[in-house]
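# Commentary on secondary and tertiary structure
Below, each chain spelled out in residue letters.
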Amino acid sequence: MSATQHADAAALTMSGAEVVLRALKDQGVEVIFGYPGGAVLPIYDALFQQNAIRHILVRHEQAAVHAAEGYARSTGKVGCVLVTSGPGATNAVTGLVDALMDSIPIVCLTGQVPTHLIGNDAFQEADTTGITRPATKHNYLVKKSADLARVVHEAFHVARSGRPGPVVIDLPKDILINKAPYQEAPPADQPHRSYRPQVEPDMAQIRKAVALLKAAKKPIVYAGGGVINAGPEASRLLTDFVRMTGFPCTNTLMGLGAYPASDPQFVGMLGMHGTYEANLAMHGCDVMLNIGARFDDRVTGKLSHFSPGSKKIHCDIDPSSINKNVKVDVPIVGDAGRILAALIAAWKDDAAQPDREALAAWWRQIDAWRAKDCLRYVQKGSIIKPQHAVKRLFEITQELGKETFITTEVGQHQMWAAQYFGFDKPNRWMTSGGLGTMGYGLPAAMGVQIAHPDALVIDIAGEASILMNIQEMSTLAQYRLPVKVFILNNEYMGMVRQWQELLHGGRYSESYSAALPDFVKLAESFHGVGLRATSADDLDRVIREMIAIDRPVIADICVDQKENCFPMIPSGAAHNEMILGPGQEGGVAGVTDEGKVLV
Amino acid sequence: MPDPTDNNMRAATIAVLVENEAGVLARVIGLFSGRGYNIESLTVAAVDETRRISRITIVTTGTEMVIEQIKAQLDRLVPVHKVSDLTMEGAHLTRELALIKVVGRGEHRVEALRLADAFRARVVDATTESFVFEMTGNADKIDAFCALMRPIGLAEVSRTGAVAMLRGATGLTA
Ligand SMILES: Cc1cc2nc3c(=O)[nH]c(=O)nc-3n(C[C@H](O)[C@H](O)[C@H](O)COP(=O)(O)OP(=O)(O)OC[C@H]3O[C@@H](n4cnc5c(N)ncnc54)[C@H](O)[C@@H]3O)c2cc1C
Ligand SMILES: Cc1ncc(C[n+]2csc(CCOP(=O)(O)OP(=O)(O)O)c2C)c(N)n1
Ligand SMILES: [Mg+2]
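Residues numbered from 1 in each chain as written. Chains lettered and ligands numbered in written order. Predicted model: local features only at pLDDT ≥ 70, side-chain atom pairs only at ≥ 80, totals over all residues. Heavy atoms only, no water.

All names here are of chain B. A contiguous nonpolar surface patch, about 200 Å² in accessible area, is contributed by Leu97, Leu99 and Val124. With respect to the helices and strands, Leu99 occurs in strand β5 (residues 92–103). A relative accessible area of 37% means that Leu99 is categorised as partly exposed. (Patch = residues over 30% accessible without salt bridge, like charges linked within 9 Å, V, L, I, M, F, W, Y side chains within 5 Å. Areas by Shrake-Rupley, 256 points an atom, 1.4 Å probe, with all protein chains shown as cover. Salt bridge = Lys/Arg side-chain N within 4 Å of Asp/Glu carboxyl O. Helix = DSSP H or I, 4+ residues; strand = E, 2+ residues; numbered from the N terminus. Buried < 20%, exposed > 50% of the residue type's maximum accessible area, 1.4 Å probe, protein only.)

Structure representation (structure tokens):
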């Protein structure tokens, strides 16, 4: 009998619920975000009787998933969620899709009615594996106790390896109550039967990439969320490679922090609300090195006009990302960190030198674009410009030197946060990029604060978005999580209002935030502190006070209601058709119906 | 290398070896419907009971870029072992089985049998006013047979969809 079989026999004293918790513990889970209900009571009972795993009781299952996402994105670990059957599982679906779109590793345990009732429309039954199949990277319904431990271990492996994503394990109540054998996780080097993502790049492809890069006259590095997924070492290697070559580097919204924002070679975020210099450099480059970015439509604009003259190298761990939207010349499948290490080694081996003269000319061109100063704004008078509010928030946190993590909701405030808050390190920026889920930021901040109890965690929010998961203020109070909610309150669904202004003749259909709560009192009723800034003179004081308070705070920053977010590439337009600011909206008049159909 | 400006559609016969487990077919079908790919036919059956492997054969059409996507998307499903585009990998056999019911009397019956003979369709059931023919072949052959039977009294058709395999010694294994 092998050692594991011995362990199995001995472990038949454990209930399914205990097996689940033991497997979670062996997988390194320290925290689980959840909400109880009938189908998962056995797990809650087992949780009660142990100390290894901490449970954080959220106030809505969607928030449990976003909290786990914040936890995962800020630590590089897998986030763990526990919800009950039926409504518990369906409430979690938005969070799961969010994690799927943004490649965030999550394991979500859902309760299920006992196996003999499945399919009978039993109380709180939902076809969870059916509903979450397109919402997850993979899902499981455990129908045999003997499979339980293996499935939990496998779920973690699937969630964290390859292109990370959410995995659901649906657990019928009888499986949780009945005795089940425990098995250790298989050794890390034992391959899965059918799932084997490619991590190591093909060296022939690496050499092709080096050949293209060293001959480039107008190169650009376009790095995305995949570099963050690959771990902090990948960001360090990216920085080394960019500095070695002297190339300009841009990051996607999901990639912010992968390359230091304060570095002179950083040309800012690209895409719909990216900088003029980043977008024009993408448009005009002759060689593009994409690392861990997926040519999203927010980034490419009109596909037929996207970077028309360039050779494209695309490094991605997921072969389905390659040649999906944009045809590339040199695909490299593998982990961003391994690819960067291989690129650096091959570059050195080759004693490669960039074309310095061409590069200097390219930088002169980029500097000319930079001189447009596309992110400038004018803060005058007492009305607070939202850009200024974010800028001051950034500067004050810099000055205080505290480890700072930023989450956001979705809308204009999210874009201003991306534009005016600089990230020099990975894992400090959590935002809902792919799904664009309003209500993401507060629970995500909660998850970040759990993982980093001493850090400053700020949710840069809009007054509309924050109401979508405002109930989590109660969770903050319960666990004394000093999260700061910094609301850029423009009394509009500003991003919607902006599109209506620019594309729908200024008919502001249902985009006014009427009947808002008093956010100061709301904070107080949730046992937090409420602050408000109505004039530019109050801004710094409110920011400093907010940071100084060691409790949950809502800072209601009343900003200019009509401010729009620029630069902007209108939908259906190309990178070089960007609108830089007010007075230039004329450019939008040219948006065709073909453009208008785009989201 | 797929070219996005290439709008030429091509057919592809794709063989997919998968874990024989609950939900795997739903994953494959959901992938096609969710991403808007065509399915002309899809067949599935267990092919290796000991190793719990099933084989799915999908016939689809799309531009080169879409077919590349389909293969990559299939390949990243966790229970998928292997994806093989038989259309690209060389000469391959495609077969489909059909049961075809023809109803009629007199001269129509004689004509039906004559055509069946020409197409090597077998009579597997007969009454005084009907036949059920069984036939295997590629889709075109079955289409042609059905078209000829229509004026004679085609009453019902049941087809399996294509199964396919590469010619020659190389086998597809998980
Ligand atoms: C209101 C709004 C406006 C937006 N505007 C913009 C904008 O102006 N600019 C912008 O950039 N985005 C914008 N976005 C976000 C946009 O929708 C996408 O989410 C984002 O552009 C995708 O980022 P990404 O390409 O880095 O890919 P991600 O979604 O982060 O995907 C990561 C890619 O890397 C791969 N990968 C994962 N792990 C690894 C690994 N270990 N090694 C290698 N590869 C790996 C994955 O397979 C995937 O292809 C906006 C979103 C919203 C809500
Ligand atoms: C759940 C959800 N519903 C609707 C939308 C569409 N949407 C995108 S931005 C936005 C307005 C957000 O308003 P607010 O939070 O005040 O942010 P602002 O744009 O004003 O900064 C809406 C409704 C969305 N992204 N998410
Ligand atoms: Mg608003």
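Time to look at the sheet that holds strand β14 (residues 429–430) of chain A. Residues and elements named next belong to chain A. The six strands lie next to each other as β14-β13-β15-β16-β18-β17, forming an open sheet whose pairing is parallel. The sheet terminates laterally at β14 and β17 (529–533), the two strands that pair on one side only. Sheet analysis places strand β13 (residues 404–408) next to β14, joined by two bridges and oriented parallel. When the sheet's bridge partners are listed, Ile406 is paired in β14 with Trp429. (Pairing = 2+ DSSP bridges.)

This brings us to the side chain of Ser41 of chain B. All names here are of chain B. For Ser41, the location among the structural elements is in strand β2 (residues 41–48). Ser41 sits in the buried class, given a relative accessible area of 15%. A polar contact is formed between the side chain of Ser41 and the backbone nitrogen of Ala162, at a distance of 3.3 Å. Leaving out residues up to four positions away in the same chain, Ser41 has contacts with Thr57, Ile58, Val59, Gly161 and Ala162. (Polar contact = N/O pair within 3.5 Å; in protein donor to acceptor, adjacent residues only side chain to side chain. Contact = heavy atoms within 4.5 Å.)

It is worth spelling out the pairing of strand β10 (residues 287–291) of chain A at this point. All names here are of chain A. With five of five residues buried, β10 is to be regarded as a mostly interior element. Both strand β7 (residues 219–223) and β10 contribute to a ladder of five bridges, which runs parallel. Across the sheet, the residue bridging to Val221 is Leu289, located in β10. As defined by bridge partners, β10 adjoins strand β11 (residues 311–316) across five bridges and the pair is classed as parallel. Of the residues in β11, the one forming a bridge with Val287 is Lys311.

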